[in-house]
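Notes for the structure review
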Amino acid sequence: MSRWAALPAELDPRVRQLVVRLRRLKDHSGLSLRQLSARTGYSQKSWERYLGGRSLPPREAVEALARAVDEEPTRLLALHEVAAEAWRNGRREASAGEPEREPLVAPESLSAEATGPRSPGRSLRVALVAGAVALVLALSTAVFLVVRLSGGDPAQPASPLVVTGRQSSPAVSESMPPSASASPSAPAYTCRSERVDGHWYAGLSRTRDAILANGHAGPEVAEAQCLLRRAGISPGAVDGIFGPVTERAVRQVQRRAGLVVDGIIGPHTWKALRQ
């Protein structure tokens, strides 16, 4: 079995989960990196970067690895989707934290150096121009960061979203009377468990094969949360949001059913929840 180097400490946990899963599949197959390269069409150097956490493998590479080791690609692709979103978010945050820098010295000051000594009045004008440029750049950078962090037009601040029974809607404005807003303690979804043809349903979704993972949201997640509660495992609030508490509950039911414990709901986990 390969002796892998430690993954970068700053690697997002969702990306780390994908890389660890790919490493295990490669080790269990007994393939070397050269053999894996020959079977997938991706170079050995590329796989060294992917399995070392230095670069996110493309979706096609994940599918190629699954075929090479005779693994069902559905779970891997679900992990890749979550990891790709985390990877993109990390790169956007890094770029937002390093605004583009421009020279603070006005062009006319450079030409003045080439023409010889400058008069005190000209030096003062150059200093004023440089100060004005620096101030404009600082203000522009501040506005840029505010817009990026707020995710929208500064003139129209984005209102927070409230998860309702079927879709997300903007939060009620502060100008509206308190009676018009929903109580924050009220459950967003109602579980109505019933057994149909030997399978349990909570009245929110009848899916048996939707792929759900940490970060997903919607009625399918609420359906899974209701079924977890019916099985005696608490997923936290039935709010339709797949968070860490729901993921822990999914891992527990997978462990109980003898499935692969990865915290991702797929066809096998749905079958265990509906039985």
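Computed from a predicted structure; not experimentally measured.

1. Looking at the overall build of the protein
Looking only at helices and strands, the protein has 10 helices and four strands in total. Element order for the protein, N to C, with α for helix and β for strand: α-α-α-α-α-α-α-β-β-β-β-α-α-α. Within the protein, counting contacts between residues at least 6 apart in sequence, those at least 24 apart form 51% of the total. By element, 54% of the accessible surface of the protein is carried by carbon and sulfur atoms, the whole surface being about 17,000 Å².

2. With respect to the state of the cysteines
Tallying each qualifying case throughout the model produces one disulfide. Here C191 connects covalently by a disulfide to C226, the sulfurs 1.9 Å from one another. Negative torsions about the S-S bond denote left-handed disulfides, and the value of about -75° found for C191 with C226 makes this one left-handed. Of the two residues, C191 sits in the loop between strand 2 (168-170) and strand 3 (194-196) while C226 sits in helix 8 (residues 219-230), which places them 35 residues apart along the sequence.

3. Some thoughts on helix 4 (residues 59-68)
Of the residues making up helix 4, those classed as buried are A61, V62, A64, L65, A66 and A68. Downstream of helix 4 by a residue or two, D70 has a phi angle that is positive, lying close to 60°.

4. Points about unusual backbone geometry
A positive phi angle is found at D70, which is not glycine, with a value near 60°. Looking at the element boundaries, D70 is found in the loop between helix 4 and helix 5 (73-96). Residue class for D70 comes out exposed when judged on its relative accessible area of 73%. The backbone phi angle of D197 is positive, close to 55°, even though this residue is not glycine. On the secondary structure map, D197 appears in the loop between strand 3 and strand 4 (199-201).

5. Here we look at the nonpolar core
Formed by 30 residues in total, the largest nonpolar core has its most connected members in V15, W47 and L65. Ignoring sequence-local partners within four residues, the contact set of L65 consists of L22, L25, L36, T40 and W47. Of all hydrophobic cores here, the second largest spans 14 residues; its members include V221, A224, F242 and V253.

6. What to know about the packing of aromatic side chains
For the structure shown, the criterion picks out two aromatic pairs. A ring pair is formed by Y42 and W47, whose centres lie 6.3 Å apart and whose planes are at 70°; its orientation type is edge-to-face. Since its relative accessible area comes to 0%, W47 is described here as buried. Ring plane angle 85° and centroid distance 5.4 Å describe the contact between W47 and Y50, whose orientation is recorded as edge-to-face.

7. Observations concerning the side chain of E223
Along the polypeptide, E223 turns up in helix 8. For E223, a relative accessible area of 0% gives the class buried. A polar side-chain atom of E223 sits 2.9 Å from the main-chain amide nitrogen of A202.

8. Structural notes on the packing of helix 2 (residues 33-40) against helix 3 (residues 44-51)
It is the contact of helix 2 with helix 3, at a shortest axis distance of 8 Å, that shows an interaxial angle of 110°. In this view, helix 2 runs roughly perpendicular relative to helix 3, as classed from their interaxial angle. In this structure, helix 2 contributes L33, R34, L36, S37 and T40 to the contact, and helix 3 contributes Q44, W47, E48 and L51. Per-class residue counts for the contact of helix 2 with helix 3 are four nonpolar, three polar and two charged.

9. Examining the confidence of the model for the protein
Low pLDDT means the predicted atomic positions in that stretch should not be read closely. Residue-level pLDDT values for the protein average 80, and 74% of them are 70 or greater. Taken as a whole, residues 103-116 scores under 50 in pLDDT and shows 13 contacts with residues more than four places along the chain or in a different chain. Throughout residues 152-186 the model reports pLDDT below 50, and contacts reaching past four residues in sequence, or to other chains, amount to 31 contacts.

10. Points about the pattern of salt bridges
Where charged atoms of side chains with opposite charge meet at close range, the side chains can pair. All chains considered together, the criterion is met by six salt bridges. Taking the shortest distance from any N to any O, the salt bridge between D12 and R14 comes out at 3.1 Å.

Definitions and limits used
Residues numbered from 1 in each chain as written. Predicted model: local features only at pLDDT ≥ 70, side-chain atom pairs only at ≥ 80, totals over all residues. Heavy atoms only, no water. Helix = DSSP H or I, 4+ residues; strand = E, 2+ residues; numbered from the N terminus. Contact = heavy atoms within 4.5 Å. Areas by Shrake-Rupley, 256 points an atom, 1.4 Å probe, with all protein chains shown as cover. Disulfide = S-S within 2.5 Å. Buried < 20%, exposed > 50% of the residue type's maximum accessible area, 1.4 Å probe, protein only. Core = buried A, V, L, I, M, F, W, Y, C linked by side-chain atoms within 4.5 Å. Phe/Tyr/Trp six-rings, centres within 6.5 Å; stacked < 30°, edge-to-face > 60°. Polar contact = N/O pair within 3.5 Å; in protein donor to acceptor, adjacent residues only side chain to side chain. Axes fitted to C-alpha atoms, helices over the stretch in contact; angles between N-to-C directions. Parallel < 35°, antiparallel > 145°, perpendicular 65-115°, else oblique. Nonpolar A, V, L, I, M, F, W, Y, C, P; charged D, E, K, R; others polar. pLDDT = per-residue confidence, 0-100. Salt bridge = Lys/Arg side-chain N within 4 Å of Asp/Glu carboxyl O.

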